[in-house]
Amino acid sequence: MSAQRRSWTARARERAVGALPPEKLLPDSQPVYMASWIYVFGVLSLASLVMIIASGSILSLKGPAWWHVTGVGHFFNSIHLWSVELFFFFLVIHLWGKYWMAAWRGGRARVWMTGAVAFVVAVPCALTGYVSQQNFDAQWISTQAKDGMNAVGVGAFFNVTNFGQMYSYHVLLLPAAVVALVAAHILLVRKHGIVPPFTLADRGELPARAADPEPAPDPGRVPEADPVGAGRAP
Amino acid sequence: MSFPAAAVFNLNHPAHTVHWHFFSMSASNVVVIVLMLVVFAVAILAPFPRYRGTE
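The structure displayed is predicted, hence computed values, not measured ones.

Remarks on the overall build of chain A
No. 1: Tallying secondary structure elements over chain A gives nine helices and two strands in all.
No. 2: Secondary structure elements of chain A occur, N-terminal to C-terminal, as α-α-α-β-α-α-α-α-α-α-β.
No. 3: By residue count, 23% of the 234 residues in chain A fall in the buried class.
No. 4: Nonlocal contacts in chain A, meaning residues at least 24 apart in sequence, comprise 76% of its contacts between residues at least 6 apart.

Below, the structure is given as structure tokens:
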């Protein structure tokens, strides 16, 4: 074994390229069954997250005295809020779609789990944002939320009436966790491929009968034997 | 108030809520949930433009 192959960088590179070769990491085609609106909500959630990070970065640069007083501050504050609203709107529909097509099939358990945990982590990320607004709305939400936090025994560690702690959680710890989970989720989707829909034959709704003529092949159907979708559309 | 958008919706009142037996939720949340269900149904039923037709 050469000295280069013994180095950890070479081993890490070979393992990364083996798991995600360039044609899988940045594909130029997708399976034909992706031609449905239900498959767009993942990337819509991702686009909303990009807007959240971008507008939040601007808000963190300028501070509450800017986003509450100036017109431009109001604008970016609104962009940040409505990006969050759209993020959860699209994410819930993405979750419903993937749940009903059992997206954990075909060795995709980690894809499902990273997505579910990202959703769970995104909720306190939004909550810490609502209590960091520095207005009466934030005071109302924090005084209501503290009872919930105390009821489940985490109030001593996660004090929603402590602006400094909530702001740190909101602009660093929780966004970093969400972005890391989303990145892992997307890389796992690239590795395992988009989950194919259920086929009617799998559900027993197309019983084979001798009298039936041979059905014409469905161009939109990818057989289960090809879960990563080798039959791809250009 | 100098910000013109503040006059579009009057928010200076208690929130409207939907009550039904034990169920209680703000009307705005009910609207958002119903809208999500509608969009979900449309996303499943509406044809995808690229594959509309005889392709």
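So much for the structure itself; the text now carries on.
Remarks on the overall build of chain B
No. 1: When you go through chain B residue by residue, the secondary structure sums to one helix and two strands.
No. 2: Counting over 55 residues, chain B shows a buried share of 0%.

Looking at helix 6 (residues 71-100) of chain A
No. 1: Across its 30 residues, helix 6 of chain A extends 44 Å between first and last C-alpha, which sits within 8% of the 44 Å expected from 1.5 Å per residue.
No. 2: Turning to helix 6 of chain A, its buried residues are A:F76, A:N77, A:H80, A:V84, A:F87, A:F89, A:F90, A:L91, A:I93, A:H94, A:G97 and A:K98.
No. 3: Those residues of helix 6 of chain A that are buried are in contact with helix 4 (41-62), helix 5 (64-67) and helix 7 (109-130) of chain A together with helix 1 (27-45) of chain B.

Thoughts on the pairing of strand 1 (residues 17-20) of chain B
Taken residue by residue, a regular strand's side chains alternate between the two faces of the sheet.
All names here are of chain B.
No. 1: The pairing of strand 1 with strand 2 (residues 23-26) spans four bridges and is antiparallel. Within strand 2, the residue paired with H19 across the bridge is S24.
No. 2: Two successive antiparallel strands, strand 1 and strand 2, enclose a turn made up of two residues, where H21 displays a positive phi of approximately 55°.

Here's the deal with the nonpolar core
Residues and elements named next belong to chain A.
No. 1: Counting residues in each nonpolar core, the largest one holds 15 residues, and the members touching the most others are F41, I52, F87 and F90.
No. 2: Taken together, the elements giving at least two residues each to this core come down to helix 4 and helix 6.
No. 3: Sort the elements by how many residues they give to this core and helix 6 lands first, with six residues.
No. 4: Residues from two domains meet in this core; each of domain 1 (38-86) and domain 2 (101-199) gives at least three.
No. 5: In contact with I52, not counting residues within four places along its chain, are H80, S83, V84 and F87.
No. 6: Counting residues in each nonpolar core, the second largest holds twelve residues, with A122, M166, Y169 and V178 among its members.

Things to note about the packing of helix 7 of chain A against helix 9 (residues 163-192) of chain A
Residue and element names in this part refer to chain A.
No. 1: At their nearest, the axes of helix 7 and helix 9 sit 9 Å apart, and the two run at 160° to each other. Overall, the two elements helix 7 and helix 9 adopt an arrangement that is roughly antiparallel. Where helix 7 crosses over helix 9, the two elements pack in a sense that is left-handed.

Observations concerning the packing of helix 6 of chain A against helix 1 of chain B
No. 1: Following both chains from N to C, one finds helix 6 of chain A and helix 1 of chain B inclined at 50°, their axes separated by 10 Å at the closest point. Considering their axes alone, helix 6 of chain A and helix 1 of chain B lie oblique with respect to each other. For the pair helix 6 of chain A and helix 1 of chain B, the crossing hand works out as right-handed. Contacts between helix 6 of chain A and helix 1 of chain B involve A:F89, A:V92, A:I93 and A:W96 from the first element and B:M36, B:V39, B:F40 and B:A43 from the second.
No. 2: Taken together, the residues of the contact of helix 6 of chain A with helix 1 of chain B sort by class into eight nonpolar, no polar and no charged.

Thoughts on the confidence of the model for chain B
Residues and elements named next belong to chain B.
No. 1: Per-residue pLDDT for chain B averages 82, and the proportion of residues at 70 or more is 76%.
No. 2: Per-element mean pLDDT across chain B ranges from 92 in strand 2 up to 95 in helix 1.
No. 3: Of the two predicted TM-score estimates for the complex, the pTM is 0.81 and the ipTM is 0.77.

Some points on unusual backbone geometry
Residue and element names in this part refer to chain A.
No. 1: The backbone of A102 shows a phi angle near 50°, a positive value even though the residue is not glycine.
No. 2: Within the element layout of this structure, A102 appears in the loop between helix 6 and helix 7.
No. 3: Judged by the 13 C-beta atoms lying within 10 Å of it, A102 falls in the partly exposed class.
No. 4: Positive phi is not limited to glycine here, since Q134 has a value of about 65°.
No. 5: Note that Q134 resides in the loop between helix 7 and helix 8 (136-151).
No. 6: Residue Q134 is classed as partly exposed on the basis of its 15 C-beta neighbours within 10 Å.

Considering the domain arrangement of chain A
By convention, interface size is frequently given as the accessible area that disappears when the constituent parts associate.
Residues and elements named next belong to chain A.
No. 1: Here chain A is partitioned into domain 1 (38-86) and domain 2 (101-199).
No. 2: For domain 1 and domain 2, the distance between their C-alpha centroids amounts to 16 Å.
No. 3: The interface of domain 1 with domain 2 comprises eight residues on the first partner and eight residues on the second.
No. 4: It is helix 4 that provides the largest number of residues to the side of domain 1 that touches domain 2, a total of four residues.

A word on the environment of A:G73
Residue and element names in this part refer to chain A.
No. 1: Residue placement: G73 occurs in helix 6.
No. 2: On the basis of neighbour count, G73 is assigned to the partly exposed category, with 18 C-beta atoms found within 10 Å.
No. 3: Residues contacting G73, with those up to four places away along its chain left out, are K62, W66, W67 and H68.

What counts and how
- Residue positions are given per chain, counted from 1 along the sequence in the order it is written.
- In the order they appear in the text, chains get letters beginning with A and ligands get numbers beginning with 1.
- The model is predicted, so local features are restricted to residues of pLDDT at least 70 and side-chain atom pairs to those at 80 or more, both for listing and for counting; the totals for chains, interfaces and linings are taken over all residues.
- Under the DSSP-based scheme used, a helix requires at least four consecutive residues in state H or I and a strand at least two consecutive residues in state E, with every element numbered from the N terminus.
- Whether a residue is buried, exposed or partly exposed follows from its count of other C-beta atoms within 10 Å of its own C-beta, namely 20 or more, 12 or fewer, or something in between, respectively; the C-beta atoms are built from the backbone.
- A residue pair is marked as a contact if its C-beta atoms, positioned from the backbone, fall within 7 Å.
- Multiplying one less than the number of residues by 1.5 Å gives the expected span of a helix.
- Pairing between strands is defined by DSSP: at least two bridges between the two strands are required.
- Residues enter a nonpolar core if they are buried, belong to Ala, Val, Leu, Ile, Met, Phe, Trp, Tyr or Cys, and are joined to the set through C-beta atoms within 7 Å.
- Here the limits of each domain have been adopted from an automatic or database domain assignment.
- For helices, the fitted axis covers only the stretch in contact; all axes are lines through C-alpha atoms, and the angles between them, taken along N-to-C directions, range from 0 to 180 degrees.
- By definition in this entry, angles of less than 35 degrees are roughly parallel, angles greater than 145 are roughly antiparallel, angles of 65 to 115 are roughly perpendicular, and the rest are oblique.
- Helix crossings get a hand from a simple test, with the near helix turned counterclockwise from the far one by less than a right angle marking a left-handed crossing and a clockwise turn marking a right-handed one.
- Lys, Arg, Asp and Glu make up the charged group, whereas Ala, Val, Leu, Ile, Met, Phe, Trp, Tyr, Cys and Pro make up the nonpolar group; the residues left over, Gly among them, are polar.
- In predicted models, pLDDT denotes the confidence assigned by the predictor to each residue on a 0 to 100 scale.

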